[in-house]
Amino acid sequence: MRRQPARVVGMENMEPSSPLRITPTVRALSSALRGKREQAPDRGQLDGERMCPDPEKLWFKESSAKNLRNRDFLSPSTMLNTLYAGGQVPPSVMSRVLSLGGSGILPVAAGEVMGEGLRVRVDRPAAFRAVLADGATEYRKPSGRRHGCLVLNCPALHPKPNTPTPDTLSLGQLRTILLADHMGALLRRQGFAVSYCPTLPEDSDIIAFLRALGIDWPTAPANWTNEEREDKIQEALESSPYRERETQGGRRTSEGGGRNAEEGENEGALRVNLKRVFQEEGLLGYDPSLGTCVVHRESVYHLAQLELATADCTVAMATALHVTSCQDEFRQQQIAVLWRASGATHTQRHLVCGPVKTPGSHLTAAQYLQLRRGQMKEASEMKYGDQVEGQTWDDIIRVMTSATVRFELLSTVHTSPVTLDVQREGGVSTKGPRGGVFVMYNCARLHTLFDSYQRGVEKGLYPEIPDCSQLDFTALKEEGEWLLLFNYLIPFSEQLDQSGQALDCEGGGARVNIKTEQICKFLVSLSKDFSSYYNRVHVLGEPLPHLFNQMFCRLHLLGALRELYHCALDTLNLPPIRQL
């Protein structure tokens, strides 16, 4: 095994006022390792006698507990062999890597070349102090503010022709609604002005159903109408250059092709050639079989609702994100192109969800929610007995049911199918890493910990938690502590950025793919690692002064973790439960 000596550097290279980020650190490490090669004209071009690899593949952030025992970042030996003869890193390059510094760059403590490659270890006490200094507030925000108006359109909630009810709503449609709600919360955090479509009657059953799931959807009085916008949409389509007009011989003047209305059907109805629209307007990614569309009243109603949702936008161009099921995708493409034919110029993207399968049974959204609520109540009664009664427990069961439903339907890549176990003899476990319940339980454990600490303060056992500047973070030596900071607290901010970045991607056509499952998976993974740590470590130790430093360092870390839970759960519109 070849080995180059490690070098330990101080903390002076870090800029504590700038939040530490993973991506800038990886870029800086790549730049330091490549040196002048960073200015090479093209990736993969020959530089002297050696090939320059893609800088994004030069370094990897470690995440497993096993690897984090001896390194935080690794440049594999295959990369070193590509850059340097025999994989031997020149001393000048090693010096650049170890003296790394700058805005958002994690401070480097040591580095060495081993058999697997160049390992770099972060100055962990310095990173703990920098991240926790202000309660990790900056790490719960997106790294940059974005601007723009976004309309989240949920076709499942539009009348067809009547307003949907919980008993007519399918599980696939429920998935799209929950996804739209989650995306709205995420994008609003990034700075977007978000509105939802359609506006629903305030006294409708569907609104009560959505509220039970924690969804705050826009409403209007039952007698409210949008007729003025509907009339304008109708007029715009009648005068559209894409309208198909009858000739004297009774034949239509446009060649729509595709899924046209049958001859003789809807004779005299308003028709629009959608194929011409997306071809002449340069719209990419639309189904080539879109042909002539007969404009029905419910289509006009749908477009008028979109106009209403964009009416308050402060910018000329809004983005409409149609969140639809794969079964309804073709119909929603028709609506989107029809809106363009009416003169709308807003950007339109389609977030398409895979089906929801329930082997052995068929449940509506209402039946599914009722089943999960009953299972949650039964599981709570088995664990807590007669305590499970009254408004407090009703609220807990409602939130836990919502958490169960959201994690079941949102933890899978949105284009993939979801398969649910809806057997009535099954239950919802309050133990084990099973999604929403497990996440909420571990969040509640943090509340219980701090309640216990506060009672200790009131009894005079513990002093108040001092500021980070007064603590020695070298006391945080347990591997789970660094794992919680490095894998969750530091990267969360960059994870919040991803949904907005995906919307900006051009050239992808009508469909947009967003990692909508990431927050749920992040919370489940966080809960597993936190639970493992919390089961091993006794945070509130004996009230002895020589033990206080380590206890306070841990409380700062876990306090930041509790707020991270709250922030992530808030994007799912799930309020934390203080005690379970």
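Residue numbers run consecutively from 1 along every chain, following the written order of its sequence. Whole-chain, interface and lining totals are the exception, using all residues; otherwise, since this is a predicted model, local features are given only for residues with pLDDT of at least 70 and side-chain atom pairs are given and counted only at 80 or more. To get the side-chain values, take all heavy atoms of the structure and skip hydrogens and water.

**Q** With reference to specific residues and values, describe the overall build of the chain.
**A** For the chain, the count of helices and strands is 18 helices and 16 strands. In what follows, a contact means two residues having at least one pair of non-hydrogen atoms within 4.5 Å. The contacts of the chain with a sequence gap of at least 6 include a subset with a gap of at least 24, amounting to 79%. Counting only carbon and sulfur atoms, one obtains 48% of the accessible surface of the chain, whose full area is about 26,000 Å². Starting at the N terminus, helices and strands are each numbered in turn, a helix being any DSSP run of H or I of at least four residues and a strand any DSSP run of E of at least two. Each accessible area is a Shrake-Rupley estimate made with a 1.4 Å probe; only the visible protein chains count as cover when residues are assessed.

**Q** Tell me about the packing of helix α14 (residues 436-458) against helix α17 (residues 518-536), and please be specific about residues and values.
**A** For the pair α14 and α17, the least separation of the axes is 9 Å and the interaxial angle reads 45°. By the angle between their axes, α14 is oblique relative to α17. In terms of crossing hand, the pair formed by α14 and α17 is left-handed. Between α14 and α17, the contacting residues are F438, V439, N442, R445, L446 and L449 on the first element and L523, V524, S527, K528, F530, S531, Y534 and N535 on the second. Under this scheme, a helix contributes an axis fitted over its contacting stretch, all axes are lines through C-alpha atoms, and angles between N-to-C directions fall in the 0 to 180 degree range. Roughly parallel refers to an angle under 35 degrees, roughly antiparallel to one over 145, roughly perpendicular to one between 65 and 115, and oblique to any angle outside these ranges. Left-handed describes a crossing in which the near helix is turned anticlockwise from the far one by less than a right angle; the clockwise case is right-handed.

**Q** Can you break down the sheet that holds strand β3 (residues 60-61) residue by residue, with the values?
**A** Pairing between sheet strands relies on hydrogen bonds along the backbone, with the strands arranged either parallel or antiparallel. Within the open sheet, the four strands sit side by side as β3-β4-β6-β5. Their pairing is antiparallel. The two strands at the open ends of the sheet, each matched to only one other strand, are β3 and β5 (108-114). Set on the sheet, helix α4 (residues 91-98) makes contact with β5 and β6 (117-122); between it and β5 the angle comes to about 145°. Here, a strand pair is defined by DSSP locating no fewer than two bridges between the strands.

**Q** Before we move on, could you go through the pattern of salt bridges and cite the residues and values that matter?
**A** By definition here, a salt bridge exists when the distance from a side-chain nitrogen of Lys or Arg to a carboxyl oxygen of Asp or Glu is within 4 Å. In total, this model carries 20 salt bridges according to the counting rule given. Across the pair R578 and D451 runs a salt bridge whose closest N-O atoms are separated by 3.0 Å. Within this pair, whereas R578 is found in the segment after α18 (545-570), its partner D451 is found in helix α14, the two being separated by 127 residues in sequence. The class for R578 is partly exposed, based on a relative accessible area of 46%. Note on classification: 1.4 Å probe, protein chains only; a residue is buried when its accessible area is under 20% of the maximum for its type, exposed when over 50%, partly exposed between these limits. Judged by its relative accessible area of 27%, D451 is partly exposed. The closest approach of N and O atoms between E481 and R554, which form a salt bridge, is 2.7 Å. Of this pair, E481 sits in helix α15 (residues 479-489) while R554 sits in helix α18, and the two are 73 residues apart along the sequence. A residue is classified by how much of its surface remains accessible, and E481, at 0% relative accessible area, is buried. For R554, a relative accessible area of 10% gives the class buried. Linked through salt bridges whose partners overlap, the residues forming this network are E62, R71, E112, E116 and R119.

**Q** Now, about the nonpolar core: what can you tell me, with residues and values included?
**A** Take the buried residues of types Ala, Val, Leu, Ile, Met, Phe, Trp, Tyr and Cys, join any two whose side-chain atoms come within 4.5 Å, and each joined set is a nonpolar core. Residues L33, W59, F73, L132, L174, L485 and L523 are the most contacted members of the largest nonpolar core, which totals 143 residues. With 14 residues, α18 is the largest single contributor of residues to this core. By size, the runner-up hydrophobic cluster in this structure holds 29 residues, among which are V272, L274, F278 and V295.

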